[in-house]
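# Notes for the structure review
Residues per chain, in single letters:
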Amino acid sequence: MKNLLPCLLISLLFSISIEAKVRRPVPSDLLVRYQQNLNKIEMGKLKKDTLKKAGKAVPALVAVMKSSKYPDKNRWMATFLLGQITGTKGVPFIAKFLKHPHWVMRMASMKTLLALKQKGFGKEYAASLKDKSFLVRKQALENIDRLQLTDLAPQVWAMLYDKRNYYASKKGKKRTNLIKEAIRVVGRLKFQKAKTPLLSMVQKKKYEDIFEEIDYSLSLILQKKSPDGNLNTKRRYWSRIAISEKTI
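In this text, all values refer to a predicted model and were calculated from it rather than measured experimentally.

The rules we used
- Residues numbered from 1 in each chain as written.
- Predicted model: local features only at pLDDT ≥ 70, side-chain atom pairs only at ≥ 80, totals over all residues.
- Heavy atoms only, no water.
- Axes fitted to C-alpha atoms, helices over the stretch in contact; angles between N-to-C directions.
- Helix = DSSP H or I, 4+ residues; strand = E, 2+ residues; numbered from the N terminus.
- Parallel < 35°, antiparallel > 145°, perpendicular 65-115°, else oblique.
- Left-handed = near helix turned anticlockwise from the far one by under 90°.
- Contact = heavy atoms within 4.5 Å.
- Nonpolar A, V, L, I, M, F, W, Y, C, P; charged D, E, K, R; others polar.
- Salt bridge = Lys/Arg side-chain N within 4 Å of Asp/Glu carboxyl O.
- Buried < 20%, exposed > 50% of the residue type's maximum accessible area, 1.4 Å probe, protein only.
- Pairing = 2+ DSSP bridges.
- Expected span 1.5 Å × (residues − 1).
- Core = buried A, V, L, I, M, F, W, Y, C linked by side-chain atoms within 4.5 Å.

### Observations concerning the packing of helix α3 (residues 40-53) against helix α5 (residues 72-86)
As a packed pair, α3 and α5 sit with axes 11 Å apart at the nearest point and diverge in direction by 30°. In terms of orientation, α3 and α5 fall into the roughly parallel class. When you trace α3 past α5, the crossing you get is right-handed. Where α3 abuts α5, its residues M43, L46, K47, T50 and L51 lie against K73, N74, M77, L81, Q84 and I85. For the contact of α3 with α5, the residue count by class is 6 nonpolar, 3 polar and 2 charged.

### Digging into the packing of α5 against helix α7 (residues 103-115)
Here α5 crosses α7 at 25°, and the two axes come no closer than 9 Å. Taken together, the axes of α5 and α7 are roughly parallel relative to one another. In terms of crossing hand, the pair formed by α5 and α7 is right-handed. Of α7, the residues touching α5 (which contributes D72, R75, W76, T79, F80 and G83) are V104, M105, M107, A108, S109, K111 and T112. Taken together, the residues that form the contact of α5 with α7 break down as 6 nonpolar, 4 polar and 3 charged.

### Digging into the pattern of salt bridges
Considering all chains together, one arrives at 15 salt bridges under this definition. Notably, a salt bridge pairs R235 with E208, separated by 3.4 Å at the nearest N-O pair. Linking R235 in helix α14 (residues 231-247) with E208 in the loop between α12 (195-201) and α13 (211-221), this pair joins segments that are 27 residues apart in sequence. Its salt-bridge partner being K225, residue D228 comes within 3.5 Å of it at the nearest N-O pair. Its relative accessible area of 60% is what places K225 among the exposed residues. Here the residues in one salt-bridge network are R33, K45 and D49, joined through shared partners.

### Regarding the side chain of Q118
Structurally, Q118 can be placed in the loop between α7 and α8 (122-128). Leave out the neighbours within four places in its chain, and Q118 touches T88, V91, L113, Y125 and L147.

### Comments concerning the pairing of strand β1 (residues 166-169)
In this sheet, strand β2 (residues 172-175) lies alongside β1 in antiparallel orientation, the contact comprising 4 bridges. Along β2, the bridge assignment pairs S169 with G172. Once β1 ends, the chain turns through 2 residues before running back antiparallel as β2.

### Observations concerning α7
End to end, α7 covers 18 Å across 13 residues, agreeing with the expected 18 Å (1.5 Å per residue, within 8%). For α7, the buried fraction is high: 10 of the 13 residues fall into the buried class. Three or more residues of α7 are buried, namely V104, M105, R106, M107, A108, S109, M110, T112, L113 and L114. Looking at the packing, one finds that the buried side of α7 touches α4 (58-66), α5, α6 (91-95), α8 and α9 (134-146). Trailing α7 by a residue or two, K117 shows a phi angle of about 55°, which is positive.

### Overview of the nonpolar core
In terms of nonpolar packing, the biggest core is built from 69 residues, with Y34, V156, L198 and I214 touching the most fellow members. Excluding residues that lie within four positions of it along the chain, L198 makes contacts with W157, I183, I214, S217, L218 and I221.

In structure tokens, the structure reads:
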């Protein structure tokens, strides 16, 4: 509790700092440019000019982030640039967009927080693993993976049972690539509770489409590498490991 109060105070002061900058006059020249559908070269020039203005650009960036009258790609860039200009001081404001109605802003917020190495939003990242947007779910998984939030491994594992991560086909439900990546992340997070089900899955034909991911994850969790060879060679290896694990 003693450590929590200073953190809350610092966060409040940072929020006040951003709000104070927002009350400054908004650079109208920037807003006019952010309203336009710009090509790649023009976007690069706008980015450069925004960074050159530094703190003076903050009110314009905030205005762009808040309004749907600006093109999505411009709002996306504004979010990143706000993070780049303000650093951790802008985190409390940027984090508010994790629950924004528009998926582009939710994703931009999450990606910016990742760039700022923000580990303090585990609860929000975990909730985003169930977001209605596939791309937001993917970004949440990347945040958890790259920030090594090991305590969120159970929520990552739960993605394997979320019907939103499957799509319908003539042969029934198929796994999206998000399932494959979730299995890999489970391994990188060293989620020990996934060991037994993965050892079972690796033996079954219905999981052959994700065999490579399961093999990869098991090698990290068990710190054992399957031998070079075909699927059957690796499968026999994991079968022996499964038996030895049961006898321990």
